[in-house]
Amino acid sequence: MKKKTVLDFTEMKVKGEQVAWITAYDYPTALFGEQAGMDMLLVGDSLGMLVMGYDSTIPVTMEDCLAHCQSVRRGAPNTWIIGDMPFGSYQTTDSDAVKNAVRFIKEADVDCIKLEGGQRVASRIKAITDAGILVMGHIGLTPQSSGQLGGFKAQGRDVKNAREVIKDALAVEAAGAFSLLVEAVPPEVTAFIAKKLSIPVYSIGAGPCDGQLLISGDMLGQFKIFTPKFVKQYADIASVTVDAFKAYIEDVKSGAFPTDEHVYHIIEPEDEFEKLFKEFG
Ligand code: KIV
């Protein structure tokens, strides 16, 4: 499979071809994602909740993100990978934002970075873009600022709020982002934004546009703490895993595992081994 470039994503928008992507945090998911033909993989800071067991994305560090991006790159060498900038890595200054974005590129070999926010992070997007790094914007429900939003709540549902979401989208494009992710916004608003912007606009829980993202743990039925309305579940990995673990425990306790097929056999006559065991009494 040939790795896509930024030009492919722009062309896909023009041709009306959908981009399908998921989050990945580890080597096996990346490997399977690439085998399946995912257009992109996002190493989201949602790894804090999906993989590390935090109850928000706030505690996730640059080091956490870089390590997971490195694992994903090893699993998917030919797939476009997005590094997600964690809380605290770009909120302070443009210069901190550039330094941390550079780390994603140099240390984790990602293809672009994503950061949350619209008008208020326009100078960060411009500074990172000016440093030669591709930026994906992320507006609507932005989990890192869910406290300010009053929780994990859909955005743009009334005209006043939709106006802000549209202004955010315009600000992200004007600042130089190559694409935009819109989260948990009504499809009417998303469709308007996707038509208005010339950069590709992707959705997570925001209806049809230029492509769709789902969190891998949600669509695989692995993360059961809460499942947003917009998730379509394609597997139930949690049940498959628990059932497999239970069957293994039963086999171990009953002696059904291991059997002859699971052991390495001796390669010298048995009496030689008898002599060896005798040596030790
Ligand atoms: O971290 C993540 O997975 C994200 C998605 C919620 C869009 O940013």
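Everything here concerns the structure above.
Since we're looking at a predicted model, the values are computed, not measured.

S.K.: Would you mind going over the overall build of the protein in detail, with residue names and values included?
M.R.: Check the secondary structure of the protein and you find 12 helices and eight strands. Taking 2.2 N^0.38 as the reference for a compact globule, 281 residues should give roughly 19 Å; the C-alpha atoms of the protein span a radius of gyration of 23 Å, well beyond that estimate. Each of the three principal axes of the protein carries a C-alpha extent, and together these read 85 × 40 × 35 Å. Counting the 281 residues in the protein, one finds 45% classified as buried. A separation threshold of at least 6 residues defines the contact pool for the protein, and within that pool the share at least 24 residues apart is 58%. Accessible area for the protein stands at about 14,900 Å²; split by element, carbon and sulfur atoms hold 58% of it. Within the protein, the 38 negative side-chain charges are centred at a point lying 11 Å from the centre of the 28 positive side-chain charges.

S.K.: Break down the site of the ligand for me, with residues and values.
M.R.: Neighbouring residues of the ligand: Thr23, Leu42, Gly44, Asp45, Ser46, Asp84, Lys114, His138, Leu181, Glu183, Leu213 and Ile215. Asp45 places a side-chain nitrogen or oxygen 2.8 Å from an oxygen atom of the ligand. Interatomic distance of 2.5 Å between a side-chain N/O atom of Ser46 and an oxygen atom of the ligand. Among the residues forming the shell around the ligand, the class breakdown is four nonpolar, four polar and four charged.

S.K.: Describe the pairing of strand β6 (residues 179-183), with residues and values.
M.R.: Of all five residues making up β6, five are buried, and the element is well covered by its neighbours. Across the two faces of β6 the burial is the same, with Ser179, Leu181 and Glu183 and Leu180 and Val182 all buried. By the bridge criterion, five bridges tie strand β5 (residues 135-140) to β6 in an arrangement that is parallel. Opposite Gly140, over in β6, you have Glu183 as the bridge partner. Crossover handedness for the path β6 to helix α9 (residues 187-196) to strand β7 (residues 201-204): right-handed.

S.K.: Tell me about the pattern of salt bridges, residues and numbers included.
M.R.: Applying the stated criterion across every chain yields a total of 14 salt bridges. The closest approach of N and O atoms between Glu63 and Arg103, which form a salt bridge, is 2.7 Å. With Glu63 in helix α4 (residues 62-75) and Arg103 in helix α5 (residues 94-108), this residue pair connects regions lying 40 residues apart in the sequence. The partly exposed category is assigned to Glu63, whose relative accessible area is 46%. Arg103 gets classed as partly exposed once you look at its relative accessible area, which sits at 24%. Note that Glu164 and Lys167 form a salt bridge whose closest N and O atoms lie 3.4 Å from each other. Of this pair, Glu164 and Lys167 both sit in helix α8 (residues 159-175), separated by three residues, roughly a single helical turn. What makes Glu164 partly exposed here is its relative accessible area of 33%.

S.K.: With reference to specific residues and values, describe the packing of α5 against helix α6 (residues 122-130).
M.R.: Contact geometry for α5 and α6: axes closest at 9 Å, N-to-C directions at 45 degrees. Here α5 is positioned oblique relative to α6, judged by the angle of their axes. In terms of crossing hand, the pair formed by α5 and α6 is right-handed. For the pair α5 and α6, contact is made by Asp94, Ala97, Val98 and Ala101 and by Ser123, Arg124, Ala127 and Ile128, respectively. Residues that form the contact of α5 with α6 fall into these classes: five nonpolar, one polar and two charged.

S.K.: How would you summarise the packing of α8 against α9 if you had to cite specific residues and measurements?
M.R.: Relative orientation of the contacting elements α8 and α9 amounts to 25 degrees, with a least axis distance of 10 Å. With respect to their mutual orientation, α8 and α9 come out roughly parallel. For the pair α8 and α9, the crossing hand works out as right-handed. Contact residues: α8 offers Ala162, Val165, Ile166, Ala169 and Leu170, while α9 offers Val189, Phe192, Ile193 and Lys196. Looking at the contact of α8 with α9, its residues break down into eight nonpolar, no polar and one charged.

How each quantity is defined
Residues numbered from 1 in each chain as written. Predicted model: local features only at pLDDT ≥ 70, side-chain atom pairs only at ≥ 80, totals over all residues. Heavy atoms only, no water. Helix = DSSP H or I, 4+ residues; strand = E, 2+ residues; numbered from the N terminus. Rg over C-alpha atoms; globule rule 2.2 N^0.38 Å. Buried < 20%, exposed > 50% of the residue type's maximum accessible area, 1.4 Å probe, protein only. Contact = heavy atoms within 4.5 Å. Areas by Shrake-Rupley, 256 points an atom, 1.4 Å probe, with all protein chains shown as cover. Lys, Arg positive; Asp, Glu negative; His and termini not counted. Charge placed at Lys NZ, Arg CZ, Asp CG, Glu CD. Near = heavy atom within 4 Å. Polar contact = N/O pair within 3.5 Å; in protein donor to acceptor, adjacent residues only side chain to side chain. Nonpolar A, V, L, I, M, F, W, Y, C, P; charged D, E, K, R; others polar. Pairing = 2+ DSSP bridges. Right-handed = clockwise from strand over helix to strand, strands pointing away. Salt bridge = Lys/Arg side-chain N within 4 Å of Asp/Glu carboxyl O. Axes fitted to C-alpha atoms, helices over the stretch in contact; angles between N-to-C directions. Parallel < 35°, antiparallel > 145°, perpendicular 65-115°, else oblique. Left-handed = near helix turned anticlockwise from the far one by under 90°.

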